[in-house]
Every structure is written in C-alpha cells, then in structure tokens.
Amino acid sequence: MWKKLKIAGKIWISLSILIIGYFITMFVGFTNGRNAEISLLNIAENLFPASQMSIAAVNNFEEQIKFYNDAIMLGDESLLVSAKDTADRCINNLNEIKKLPDLPAILISTTGTLSEDLTEFTKTAQEVYTEYSRDDEDSENKKDMELLSKKIKNLANETQTFKTNLKTLSVDFSKELKSELTKLRDTSK
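Predicted model only: the values in this text are computed from it and were never measured.

(A) Main features of the overall build of the chain. For the chain, the count of helices and strands is 4 helices and 0 strands. What you see in the chain, going N to C, is helices and strands ordered as α-α-α-α. Burial analysis of the chain (189 residues in total) assigns 30% to the buried set. The long-range share in the chain, meaning contacts at least 24 apart out of those at least 6 apart in sequence, stands at 75%. Accessible surface, the chain as shown: approximately 12,600 Å² in total, 59% of it carbon and sulfur.

This is how it looks when you write it as structure tokens:
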C-alpha cells in the first residue's frame, strides 16, 4: 500500500505521525510534570513538616526527661514547670503531625497513640516528681519514699520505651521523606 501512495500522500501520513507523536510526547511530559508537581507539593506541605516535627518531638521529650532528672538531683520543684512546658511542646508537635493530610495511615496512627500515651505519662510523671522533690525528712514518710522510688523506676522504664518509639517514628518519617524525594528525582530525569 505504501508503494502505491503518491509522494504528497506519503508526506501527509509522515507529518500526521510526527504531529500525533509530538502531542503524545507533550501529554506524557505534561502528565509527568504534573505528577512531579503534586509530589513536590505533598513533600513540602506534609512530609517535610512531619519529619521536622517528629525530630522536634524527640528533642523536646529528651529535654523533658532532663528537667525531671534535674528536679530530683537539685531538689528544685520549679524545674517541673519547665518539664511540663517541654512535654506540652512534644505533644503539640505530635498533634500537629496528626492534622497533616496525605501521610501514611500507619504513621498517623502511631503518632496519635504516642500523643495520647505521652499525655498520660506526663500527668503521672508530674505527680510523682512533685512528690519526690518535696523535702520530707520525717521517718514516717520513709515508706512513702520507697514507694516513690519504685514509681520513679517504673517511669524510667516507660521513658526508655517512649524515647525508642519517638525515635522510630522520627526515622520512619525521614525514610518516607527520602523515599518521596528519590521518586521525585527519578521522575524528573
């Protein structure tokens, strides 16, 4: 059939194929560009802030524990106010992460659980450390002090668990962020 066509017909078919190919290439390029733009927007609006806030939550939690330890070492109950403030910042970071859309459901669920557990932990810790930092020299209170020491040990165990869980969450968000950035880089090549 190709041999039977006149030169004008061959040119017309060739040009038609080129134009169709051009439009297909443009459409694919536009679609890839649009996907890359959506991906970049998701990274900027959700994943990057989540990653930063999860790191901040870890730092605030470590600061909170330092204030508790200082309250005991120095016997200064006023340090518990600073501990509570840093605890609130940690919990706020986690709550802000929960509000971000388009994040992996498992990470949002973990964030929510950690936030609730930390709220409870902080309430208990404030009560225990407030009691512990009071200066009671009475022999009657010796038994109470032994009980408080046990409570402090329990809190220390919980502290390790929270620290591990918060760090894991932070690493997970960082991995997710790196993965999305890698995908974006690969699509833009």
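(B) Structural context of the nonpolar core. Within the largest apolar cluster, 36 residues are counted, with the highest numbers of intra-cluster contacts made by Phe 61, Leu 94, Leu 118, Phe 121, Leu 166 and Phe 173. Breaking this core down by element, the ones donating at least two residues are α1 (7-74), α2 (79-99), α3 (105-133) and α4 (142-187). The element best represented in this core is α1, accounting for 11 residues. Those residues in contact with Phe 61, other than ones at most four positions away along the chain, are Cys 90, Leu 118, Phe 121, Thr 159, Phe 162, Lys 163 and Leu 166.

(C) The arrangement of a negative patch on the surface in detail. On the surface, a cluster of negative charge is made up of Glu 116, Asp 117, Glu 120, Glu 127, Glu 131, Asp 144 and Glu 158. Those elements that place two or more of their residues in the negative patch are α3 and α4. Its place among the elements puts Glu 158 in helix α4. A residue is classified by how much of its surface remains accessible, and Glu 158, at 35% relative accessible area, is partly exposed.

(D) Layout of the pattern of salt bridges. Scanning all chains against the criterion turns up 6 salt bridges. Across the salt bridge formed by Glu 96 and Lys 99, the nearest N and O atoms sit 3.1 Å from each other. One end of the pair is Glu 96 and the other is Lys 99, both in helix α2 and 3 residues apart, which spans about a single turn. For Lys 99, a relative accessible area of 61% gives the class exposed. The salt bridge partner of Lys 183 is Glu 180, with a shortest N-O separation of 3.0 Å. In this pair, Lys 183 and Glu 180 both sit in helix α4, 3 residues apart, roughly one turn of the helix. Look at Glu 180 and you get buried, because its relative accessible area is 12%.

(E) Here's a closer look at the confidence of the model for the chain. On average, the chain scores 80 in pLDDT, and the residues at 70 or more come to 72%. The element-level mean pLDDT for the chain is lowest in α1, coming to 73, with α2 highest at 94.

(F) Layout of the packing of aromatic side chains. Evaluated as defined, the whole model comprises 4 aromatic pairs. Their ring planes at 10° and their centres at 4.4 Å tell us that Tyr 68 and Tyr 129 sit as a pair that is stacked. A residue pair is termed long-range when its members are at least 10 positions apart, and Tyr 68 in helix α1 and Tyr 129 in helix α3 qualify at 61 residues. Residue classification places Tyr 68 among the buried residues on the basis of a relative accessible area of 1%. Overall, the relative accessible area of 7% leaves Tyr 129 in the buried class. Taken together, the ring pairs in this structure connect Phe 61, Phe 121 and Phe 162 into an aromatic cluster.

(G) Fine view of α2. In this model, α2 (21 residues) spans 31 Å end to end at C-alpha, consistent with the 30 Å of a helix rising 1.5 Å per residue. Among all positions of α2, only Leu 79, Leu 80, Ala 83, Thr 86, Ala 87, Cys 90, Ile 91, Asn 93, Leu 94 and Ile 97 are buried. What you see down the axis of α2 is that its buried residues fit within an arc of 145°, all on one side. In α2, those exposed residues whose orientation departs by more than 90 degrees from the buried face are Val 81 and Lys 99.

Conventions and cut-offs
Residues numbered from 1 in each chain as written. Predicted model: local features only at pLDDT ≥ 70, side-chain atom pairs only at ≥ 80, totals over all residues. Heavy atoms only, no water. Helix = DSSP H or I, 4+ residues; strand = E, 2+ residues; numbered from the N terminus. Buried < 20%, exposed > 50% of the residue type's maximum accessible area, 1.4 Å probe, protein only. Contact = heavy atoms within 4.5 Å. Areas by Shrake-Rupley, 256 points an atom, 1.4 Å probe, with all protein chains shown as cover. Core = buried A, V, L, I, M, F, W, Y, C linked by side-chain atoms within 4.5 Å. Patch = residues over 30% accessible without salt bridge, like charges linked within 9 Å, V, L, I, M, F, W, Y side chains within 5 Å. Salt bridge = Lys/Arg side-chain N within 4 Å of Asp/Glu carboxyl O. Lys, Arg positive; Asp, Glu negative; His and termini not counted. Charge placed at Lys NZ, Arg CZ, Asp CG, Glu CD. pLDDT = per-residue confidence, 0-100. Phe/Tyr/Trp six-rings, centres within 6.5 Å; stacked < 30°, edge-to-face > 60°. Expected span 1.5 Å × (residues − 1). Arc of directions from axis to C-beta.

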